[in-house]
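Take a look at the letters that make up each chain.
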Amino acid sequence: RCFKNKAEELFSDGNSEWVEKAYSLREALFNGEPKDVQSIISDMLMTFISFRDSSYESYYHGFMTGVLSMVTTSDLTLKSNQESGNGYSDVILKNSDGPAVIMEFKRCEDNEPITRVRVCADALAQIDEKKYDFDLRQKGCTEILKYGIAFYGKSCTVKMAEKTQK
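Calculation criteria
Residues numbered from 1 in each chain as written. Predicted model: local features only at pLDDT ≥ 70, side-chain atom pairs only at ≥ 80, totals over all residues. Heavy atoms only, no water. Helix = DSSP H or I, 4+ residues; strand = E, 2+ residues; numbered from the N terminus. Buried < 20%, exposed > 50% of the residue type's maximum accessible area, 1.4 Å probe, protein only. Pairing = 2+ DSSP bridges. Expected span 1.5 Å × (residues − 1). Axes fitted to C-alpha atoms, helices over the stretch in contact; angles between N-to-C directions. Parallel < 35°, antiparallel > 145°, perpendicular 65-115°, else oblique. Left-handed = near helix turned anticlockwise from the far one by under 90°. Contact = heavy atoms within 4.5 Å. Phe/Tyr/Trp six-rings, centres within 6.5 Å; stacked < 30°, edge-to-face > 60°.

Chemist: Help me out: how do you make sense of the overall build of the chain in this one?
Modeler: Within the chain, the secondary structure is distributed over six helices and six strands. Put simply, the chain runs from its N terminus to its C terminus through helices and strands in the order α-α-α-α-β-β-β-α-α-β-β-β. Looking at the chain residue by residue over its 166 residues, the buried ones come to 46%.

Pasting the structure below:
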């Protein structure tokens, strides 16, 4: 009940600080600014989560889906765990007339910088290996930004694949 109340408070339009951060996150994702994405998410994690809750990747997935659901519009769709290519991508954001964003989340076993970078690389590799961009490309999307996000406790590391257009 406590978590539900906190989530309802944070993920509501009445919480202007969170709405502003969510819009900033959306903007940074679509502008291809992984350092800004990392900073915004880390700030939000410090505010919201308990270190005890950070044991599972699914927790971070739910957190990110909740934050991003605050900024979806009629022109922006959010897909979570949608089958695409040869698997299920964590989150896809798609503008009706612009680029798309694919995010793959991973939880790190330790907070070593080299581990976080490797885990981000693994997440990006998974996006390509599983062809999570297949459906988007079939629908004519030519610009897709891909992010691997590694979480540990109340922090994250974000890496973005090089931009490619087809």
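Now that the structure has been shown, we can carry on.
Chemist: Looking at this structure, I do not really get the pairing of strand β1 (residues 76–84). What am I missing?
Modeler: Regular strands place their side chains on alternate faces of the sheet. Examined bridge by bridge, β1 and strand β2 (residues 87–95) share eight bridges and lie antiparallel to one another. If you follow serine 80 over to β2, its bridge partner there is valine 91.

Chemist: Is there a simple way to explain helix α3 (residues 34–48) in this structure?
Modeler: Given 3.6 residues per turn, any residue in an α-helix points the same way as the ones three and four places further on. Its 15 residues place the ends of α3 21 Å apart at the C-alpha level, agreeing with the 21 Å of an ideal helix rising 1.5 Å per residue. Along α3, the residues classified as buried are Val37, Ile40, Ile41, Ser42, Met44, Leu45 and Phe48.

Chemist: What should I look at first to understand the packing of helix α2 (residues 16–30) against α3 in this one?
Modeler: Any two packed helices are characterised by how steeply their axes cross, that is the angle between the axes, and by the distance between the axes. Look at α2 against α3: their axes get within 9 Å of each other, and the N-to-C directions meet at 155°. Between α2 and α3, the angle falls in the class roughly antiparallel. Here the hand of the crossing between α2 and α3 comes out left-handed. Residues Trp18, Lys21, Ala22, Ser24, Leu25, Ala28 and Leu29 of α2 form the contact with α3, whose own contacting residues are Asp36, Val37, Ile40, Ile41, Asp43, Met44, Thr47 and Phe48.

Chemist: Hey, could you run me through the packing of aromatic side chains in this one?
Modeler: The geometry of an aromatic ring pair is captured by the separation of the ring centres together with the interplanar angle, meaning the angle of the planes. Applying the stated criterion across every chain, the model contains three aromatic pairs. Centre to centre, the rings of tyrosine 59 and tyrosine 60 are 6.2 Å apart; their planes meet at 80°, and the pair counts as edge-to-face. Classification of tyrosine 60 by relative accessible area gives buried; the value is 0%. Considering the side-chain rings of phenylalanine 105 and phenylalanine 151, the 5.9 Å spacing of their centres and the 65° angle between planes classify their relative orientation as edge-to-face.

Chemist: What should I look at first to understand the environment of aspartate 75 in this one?
Modeler: Assignment of secondary structure puts aspartate 75 in the loop between α4 (57–69) and β1. C-alpha of aspartate 75 to C-alpha of asparagine 95: the two residues are 20 residues apart in sequence and 5.7 Å apart in space. Those residues within four positions of aspartate 75 in sequence are excluded, and the remaining contacts are Lys94, Asn95 and Ser96.

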